[in-house]
Structure formats: structure tokens, C-alpha cells
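Observations on the model geometry
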Amino acid sequence: MPLMRALQLVRPGEITIQDVPVPEIRVDEVLVKLAGAGLCASDLHVLHMPNWPRYPMTFGHETSGYVAAVGEKVRRFSEGEAVLVYLVWACGRCRACLEGRDNACLTHNGAPPCPGLGPDGGMAEFVKVPERFLDSLGDLDPTAQAPLADAGLTAYHAIEGARSRLTPGSTAVVLGVGGLGHLAIQILKATASVRIIAVDSSDEKIALARRLGADEALASDENAVVRIREMTGGHGADAVFDFVGVQPTVDIARDVLAPDAALRFIGLGGGVLTYPVAGVSPIPWGVDIRRSYGGTRKDQLAVIELAKAGQLVVETQRYDLEDGLQAFADLEAGKISGRALLVP
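Read on for a plain summary of the structure. (Residues numbered from 1 in each chain as written. Predicted model: local features only at pLDDT ≥ 70, side-chain atom pairs only at ≥ 80, totals over all residues. Heavy atoms only, no water.)

Some details on the nonpolar core
Counting 44 residues, the largest nonpolar core has Leu-166, Ile-185, Leu-188, Phe-241 and Phe-243 as its most contacted members. Elements with a minimum of two residues in this core: strand 6 (82-85), helix 4 (151-160), strand 9 (171-175), helix 5 (181-191), strand 10 (195-200), helix 6 (203-212), strand 12 (237-242) and helix 9 (297-308). Setting aside chain neighbours within four positions, we find Leu-188 in contact with Ile-159, Leu-166, Ala-172, Val-174, Val-194, Ile-196 and Phe-241. Val-30, Val-74, Tyr-86 and Leu-153 belong to the second largest nonpolar core, which has 24 residues in total. (Core = buried A, V, L, I, M, F, W, Y, C linked by side-chain atoms within 4.5 Å. Buried < 20%, exposed > 50% of the residue type's maximum accessible area, 1.4 Å probe, protein only. Helix = DSSP H or I, 4+ residues; strand = E, 2+ residues; numbered from the N terminus. Contact = heavy atoms within 4.5 Å.)

Next comes the structure, spelled out in C-alpha cells:
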């Protein structure tokens, strides 16, 4: 049986690179030769969980590559084609899926499985994928596109869900210019006529935000709320996207909201938002609060089109697959600008 190299979670808190069998595909599956696999903060959360349903498991839920082989019933793809693996492996049959809300699949109680977070993922030389969870990348180089499968998809979905507040002349605040936030700035720039204010604690990421098109970029410090309020004439921001989710960013998000604003929490930093539903409250009337999760197939196709148009470029810090443990360590230490990318 042929073997390949894969980065696997083998027990709580322990990952390793090891030899595993190359996956055998079924009639409706595609074997993808990996070009790139993005590394996400979600991977760190899984790594540090005291118990995970499956050991060993190959990490990698942001996956792109080339078709290496197809099952006999596969019709949409041929060998050598560049593809992106869809994050959300929903049932495709329930009411939510039929409505185009596959990221809220009822069969899986609103949390459908994701490759690399259940089924084996793409931090390996090959991955097998059901045909219906692949999309063509056309002429795009798949290596650089892997993070579109989550960082791009999830950012786009959060923005799309706040579209009613992203009207000409409005203000959108992006908290955290990391793997998702730096793509969110570009998505906002490409799809909405809004003023973009980016906030981060890193001077390097503040500079990156400006380079990517943010109208304002400022430090995430004790003056951030006052400065954003001043920039909006005291009114506040019409849409706030928190891609970090730690308590300081949650507090900033809460304190810069305009009445009737959209507030989207995407980051998993463990912050808490509490507020009374009546009387005096830090949350203005009319605010729409949402814990945004993943994205839909429609969102992924839109992200791919933005990339094809040159309007969405992933900033990557590349590592060989064999250096995957170092990539995990660098991400945890906050040393990654953009997205860490493992290349087999």
C-alpha cells in the first residue's frame, strides 16, 4: 500500500508528521494532490482540547490542489484540474441546505463536518474528497488559494450577512488584521462603498491594513474607541466585524456600535458579551448581533471569482509540510502575518 506524509493530531496537545496510507477513493470521490493547506486558529483550539472525537486525525481544513484521480462516477473533474475543497460537508438534502444555508445543515445540528476537523484533511500529500465538495479554480495557482476555503469563505459570509448595513457612506470596522481580517478588508473594498477602519495591536498588521485598502488603520489600545467615535462624528460604526474575539476586541466592538448597526463575531478568542435587553444598555437599539459561522457554497464561488479578478490576494507565510510543527508554534506565538501555508 503506497504511503504519504501527513501532519496528524495523535493525542491531546500532540501533533506529528508521519507516514500514513494514501487514501483509497470511492466511485463518487476525487483524490486531490495537495498544493497548499492553510493553518487556522481553529486548529490550535482543537490541538489543545482535552478530548477530541478522533485520534489520529490529519489536520487541514483549508485545502487546494490538483485532481490526481477520480472515481468512476465522477463527471465534473478531470486529472490535473486545479481545485479548492469546500469547508462545509453538509447533507445537501435538509431544509437549510435546500435553502442555500448549508453551513446551518439541520442533519448535523448546524455544525456540519469539515475536512481536517473530523474527516482527514489536507495537511498531507493527498486527500480524498466527495466530488460535490470540490470547486474548480480555473487558471488560478492553487497553492496560494488554499486559505480561501475558510479565511476567505468565513470572512465573506460574515460580510454578506451584514450587507444591509454596508451602504454607501457607511463605516465598517475590522477588528484583527490576521488570516481572516486581511481578506475581509479586501472583500469590503471590492464589494461595498464603505469607509473601512482596521484595528490591530501589531504595527506590522496596521501597515498591512493600509496597504490592502483600509481607509483608516489604528492601534487596538485604550484610545481606539474614542478615535473611532471621532472618525464617525460620534455616531459609531454601521458594521463591526470582530475577527479576534478576545475580551479587549469584544469591548471595542460593543463600544463603537451605531444605532441599528450590524455586529459580527467571528474570532474564537473566548471573549464575552453581556448586556441588558431593556433600559440603559451599552448596545444601542436595533443592533443585529450574530455569531457568524463558516459560509455557504454561494459564498465560496463568490470568493473564487474575486480571486480570479485579482481583487482578493492571500498574504501567506509558507512552510514545507515537514515544518508543520514549527508553523503551529509560530501561529500560537503570534508570528504569522496573513496566513500560514503548508506546502507538501
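Structural notes on the sheet that holds strand 1 (residues 3-11)
Pairing is antiparallel in the open sheet, where three strands are placed in the order 2-1-4. Looking at which strands have only one partner, the edges of the open sheet turn out to be strand 2 (14-21) and strand 4 (57-58). Pairing between strand 1 and strand 4: two bridges, direction antiparallel. Note on strand 4: the bridge partner recorded for Gln-8 is Thr-58. (Pairing = 2+ DSSP bridges.)

A closer look at the pairing of strand 12
Burial runs high along strand 12: six of the six residues are buried. Note that strand 12 and strand 13 (residues 257-265) share five bridges and pair parallel. Paired with Phe-241 across the strands is Arg-264, a residue of strand 13. Running through helix 8 (residues 247-255), the crossover from strand 12 to the neighbouring parallel element strand 13 is right-handed. (Right-handed = clockwise from strand over helix to strand, strands pointing away.)

Some thoughts on the packing of helix 5 against helix 6
At their nearest, the axes of helix 5 and helix 6 sit 9 Å apart, and the two run at 20° to each other. The angle between helix 5 and helix 6 places the two elements in the roughly parallel class. Taken as a pair, helix 5 and helix 6 cross one another with a handedness that is right-handed. Judged by residue contacts, His-182, Ile-185 and Gln-186 of helix 5 engage Leu-208, Ala-209 and Leu-212 from helix 6. In terms of residue class, the contact of helix 5 with helix 6 is built from four nonpolar, two polar and no charged. (Axes fitted to C-alpha atoms, helices over the stretch in contact; angles between N-to-C directions. Parallel < 35°, antiparallel > 145°, perpendicular 65-115°, else oblique. Left-handed = near helix turned anticlockwise from the far one by under 90°. Nonpolar A, V, L, I, M, F, W, Y, C, P; charged D, E, K, R; others polar.)

Re the state of the cysteines
All told, the structure shown has zero disulfides when counted by the stated rule. Unpaired in this structure, Cys-40 has its nearest cysteine sulfur neighbour in Cys-114, at a distance of 10 Å. In this structure Cys-40 comes out as buried when scored by relative accessible area, which is 5%. Summary of cysteine pairing: Cys-91 is not part of a disulfide, and the nearest cysteine sulfur, belonging to Cys-105, is at 3.6 Å. (Disulfide = S-S within 2.5 Å.)

Some remarks on the packing of aromatic side chains
Taken as a whole and judged by the stated rule, the model has three aromatic pairs. Between Phe-59 and Phe-328, the ring centres sit 5.3 Å apart and the planes meet at 50°, which makes this aromatic pair tilted. Note that Phe-59 is positioned in the loop between strand 4 and strand 5 (62-70) and Phe-328 in helix 10 (residues 324-332), a separation of 269 residues in sequence. Judged by relative accessible area, which is 3%, Phe-328 ranks as buried. A centroid spacing of 6.5 Å and a plane angle of 20° characterise the contact between Phe-241 and Phe-243, whose relative ring orientation is stacked. Judged on exposure class, the residue Phe-241 and its partner Phe-243 are both buried. (Phe/Tyr/Trp six-rings, centres within 6.5 Å; stacked < 30°, edge-to-face > 60°.)

Here we look at a nonpolar patch on the surface
Side chains of Tyr-275, Val-277 and Ile-289 sit close together on the surface and give an oily, nonpolar patch of about 280 Å² of accessible area. Here Val-277 lies in the loop between strand 13 and strand 14 (288-291). Exposure remark for Val-277: the relative accessible area of 72% places this residue in the exposed category. (Patch = residues over 30% accessible without salt bridge, like charges linked within 9 Å, V, L, I, M, F, W, Y side chains within 5 Å. Areas by Shrake-Rupley, 256 points an atom, 1.4 Å probe, with all protein chains shown as cover. Salt bridge = Lys/Arg side-chain N within 4 Å of Asp/Glu carboxyl O.)

Points about unusual backbone geometry
Cis geometry is found at the peptide bond from Tyr-55 to Pro-56, where omega equals -10°. Take Pro-56: it is sitting in the loop between helix 1 (41-47) and strand 4. Here Asn-109, not a glycine, exhibits a phi torsion of approximately 55°, which is positive. Looking at Asn-109, the relative accessible area reads 75%, which means it is exposed. Not every positive phi belongs to a glycine, and Asp-260 is a case in point at roughly 65°. For Asp-260, a relative accessible area of 43% corresponds to the partly exposed category.

Considering helix 4
Counting buried residues in helix 4 gives nine out of ten residues, a clear majority hidden from the surface. For helix 4, every residue scored as buried is listed here: Ala-151, Gly-152, Leu-153, Thr-154, Ala-155, Tyr-156, His-157, Ala-158 and Ile-159.

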